[in-house]
Amino acid sequence: MRKTVLVTGGAGFIGSNFVHLLVGKPEEWRVVNLDKLTYAGNLKNLAGIEEGENYRFVRGDICDAELVEKLFTEEKIDTVVHFAAESHVDRSITGPAAFIGTNITGTFTLLEAARKAWPVENPGAGERCFLHVSTDEVYGSLGETGFFNESTGYDPRSPYSASKASSDHLASAYFHTYGLPVRITNCSNNYGPWQFPEKLIPLIFNNAMHGKPLPVYGDGKNVRDWLYVVDHCEAIEQVLLRGANGESYNIGGNNEKQNLEIVHVVCDLLDRKIAPLKSGEPRRSLITFVTDRPGHDRRYAIDAGKIDRELGWQPKVSFEEGIEKTLDWYLAHQQWMDEIVSGDYQNYYEKMYTR
Ligand code: NAD
Ligand code: TYD
């Protein structure tokens, strides 16, 4: 039977990739996309998707209980995939309040709305599901060895990861206390189309294209595990279809890289695909080591064995293939990035949604 999914944050990076995946399967999914269109939300990420029987966009805040409760009943929501969040660690250091509001209170508001809308005696009846999308950053920082698995204790270090950890605990508590059919996913660093250019890969791409300095925090040896966003979206779909309530699943790309390696790959691919800088210098010459991020987690690495064993999911896209696809996509969508960097896309929404 076709499911009606409330996707929150579906105009952001991962959410828009996920909406594209689901609207391509209209016999299986009907999508209601609730997004506030903060600085990170962009309707151009959803280009080509038409409003209609199978897809509705609602501009709104997940902290607005009245709106969220109305959507649950009006749209007969039976599935939630909750992406909406403040997502950038650096912004959480300079302005944590928005992270507390959206990531904690917003998640609480959605959980409450599901609790009120779904049958009290059996909230999971009819294969209902509330999938909360979280991060590996809740587990803290690793040394040179080891991996995060689903039993690793939470040890968040930034206001961002602390707010996500808090929302994970709330989601889990709603399973244990009210029987809400909650599933949690904790994934590593995503990359791919429509990523906002404040994050490492699109930021380095944009600066490298314009001959600007490439800021590398600290010694550039911090390690992240890179997951191609389409692989991530497919993993989420598997968790919806085949996962178990009350469980969490780690999702990773098996692609551990030091930040400096990532910057080198982006520079070298652009030198090869376009040309070196006008000066004739390679783009690596733009690398600038800058003051480290406070509390900068040294290494994240995911053991994604559980989702492989239990749901048969593995990432399909190697880093070499994924980064090439990603840079080709950015090269083909330079206007998209220019509009974001200049801030123009936000004016468009103010006109569109101000009555
Ligand atoms: P993003 O910043 O690109 O997009 C966030 C979206 O949420 C935007 O469209 C924004 O407008 C919307 N939003 C923000 N506040 C809102 C509110 N109060 N009400 C409604 N909508 C609101 O984020 P992303 O990178 O796509 O991340 C999506 C989710 O995945 C987040 O929960 C994040 O914590 C998690 N995650 C991301 C990564 C990553 O590498 N990007 C890694 C692990 C986990
Ligand atoms: P980021 O993309 O912000 O993701 P996260 O902090 O959630 O892992 O950063 C990825 C890594 O790259 C992180 O170790 C910080 C580093 N970084 C830089 O060195 N320079 C930059 O300009 C940015 C944005 C990040």
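See the structure shown above.
Keep in mind the model is a prediction, meaning the values are calculated, not measured. Residue numbers here run from 1 along each chain, matching the order of that chain's written sequence. The lettering of chains begins at A and the numbering of ligands begins at 1, in the order of writing. The model is predicted, so local features are restricted to residues of pLDDT at least 70 and side-chain atom pairs to those at 80 or more, both for listing and for counting; the totals for chains, interfaces and linings are taken over all residues. The side-chain figures draw on all heavy atoms in the structure; neither hydrogens nor water molecules are used.

## Some points on the sheet that holds strand E1 (residues 3-8)
Two orientations exist for strands paired in a sheet by backbone hydrogen bonds: parallel and antiparallel.
1) Next: A sheet is described by the order of its strands in space; here 7 strands give the open sequence E3-E2-E1-E4-E5-E6-E10, paired in parallel fashion. Looking at strand neighbours, the two that pair on one side only are strand E3 (55-59) and strand E10 (248-251), the edges of this open sheet. Neighbour-to-neighbour, the strand axes of this sheet turn through a mean angle of 20°, independent of strand direction.
2) Next: When DSSP locates at least two bridges between a pair of strands, those strands are taken to pair. Every helix listed is a DSSP run of H or I at least four residues long, and every strand listed is a run of E at least two residues long, numbered separately from the N terminus. Bridge count for E1 against strand E4 (residues 79-82) is 4 bridges, and the pairing is parallel. From the neighbouring strand, Val5 faces E4, where its bridge partner is Thr79.
3) Next: Two residues qualify as a contact provided that any one of their heavy atoms is within 4.5 Å of a heavy atom in the partner residue. Note on method: axes are straight lines fitted to C-alpha atoms, helices fitted across the in-contact stretch only, with angles between N-to-C directions ranging 0 to 180 degrees. Sheet contacts for helix H7 (residues 229-242): strand E2 (29-35), E4, strand E5 (129-135), strand E6 (182-187) and E10; angle to E5, the most-contacted strand, approximately 145°.

## Comments concerning the packing of helix H2 (residues 65-74) against helix H4 (residues 97-117)
1) Next: In contact at an axis separation of 9 Å, H2 and H4 are set at 40° when each is read in the N-to-C sense. By the angle between their axes, H2 is oblique relative to H4. In the crossing of H2 with H4, the sense of the turn from one axis to the other is right-handed. Across the interface between the two elements, Ala65, Val68, Glu69 and Phe72 of H2 pack against Thr109, Leu110, Ala113, Ala114, Lys116 and Ala117 of H4. We call two directions roughly parallel when the angle between them is under 35 degrees, roughly antiparallel when it is over 145, roughly perpendicular when it lies between 65 and 115, and oblique otherwise. Handedness of a crossing is defined here by the sense of rotation of the near helix relative to the far one, left-handed for an anticlockwise turn of less than a right angle and right-handed for a clockwise turn.

## What about the site of ligand 2?
1) Next: Definition of nearness: a residue and a molecule or strand are near each other if at least one heavy atom of the residue lies within 4 Å of the molecule or strand. Neighbouring ligand 2 are 16 residues; Glu137, Arg224, Asn259, Arg293 and His296 lie closest to it.
2) Next: Residues adjacent in sequence count toward polar contacts only when both atoms are side-chain atoms; beyond that, a polar contact is any pair of N or O atoms within 3.5 Å, and within protein one must be able to donate a hydrogen and the other to accept it. Contact distances for ligand 2 include 2.9 Å between an oxygen atom and a side-chain N or O atom of Asn189.
3) Next: Residue Asn259 places a side-chain N or O atom 2.8 Å away from an oxygen atom belonging to ligand 2.
4) Next: Here the accessible surface of atoms and residues is derived via Shrake-Rupley with a 1.4 Å probe, and residues count as covered only by protein chains that are part of the display. Summarising the interface, the protein chains cover 96% of the accessible area of ligand 2, which totals 510 Å² for the free molecule.
5) Next: When atoms are counted within 2 Å of each cavity's grid points, the one that captures over half of ligand 2 is the largest pocket.
6) Next: When contributions to the shell around ligand 2 are tallied by element, the ones reaching two or more residues are helix H6 (200-209) and strand E8 (214-217).
7) Next: Considering every element that reaches the shell around ligand 2, the biggest residue donor is E8, with 3 residues.
8) Next: Under the grouping applied here, Gly and all other residues not named as nonpolar or charged are polar, the nonpolar ones being Ala, Val, Leu, Ile, Met, Phe, Trp, Tyr, Cys and Pro and the charged ones Asp, Glu, Lys and Arg. Among the residues making up the shell around ligand 2, the classes are represented as 6 nonpolar, 5 polar and 5 charged. We place a 1 Å grid over just the protein atoms. Points where a 1.4 Å probe fits but has no way out form a cavity, open points with protein on both sides within 12 Å along at least 5 of 7 lines form a pocket, and any residue with an atom within 4 Å of a point lines it. Cavities and pockets are treated as containing a molecule whenever more than half of the molecule's atoms lie within 2 Å of their grid points.

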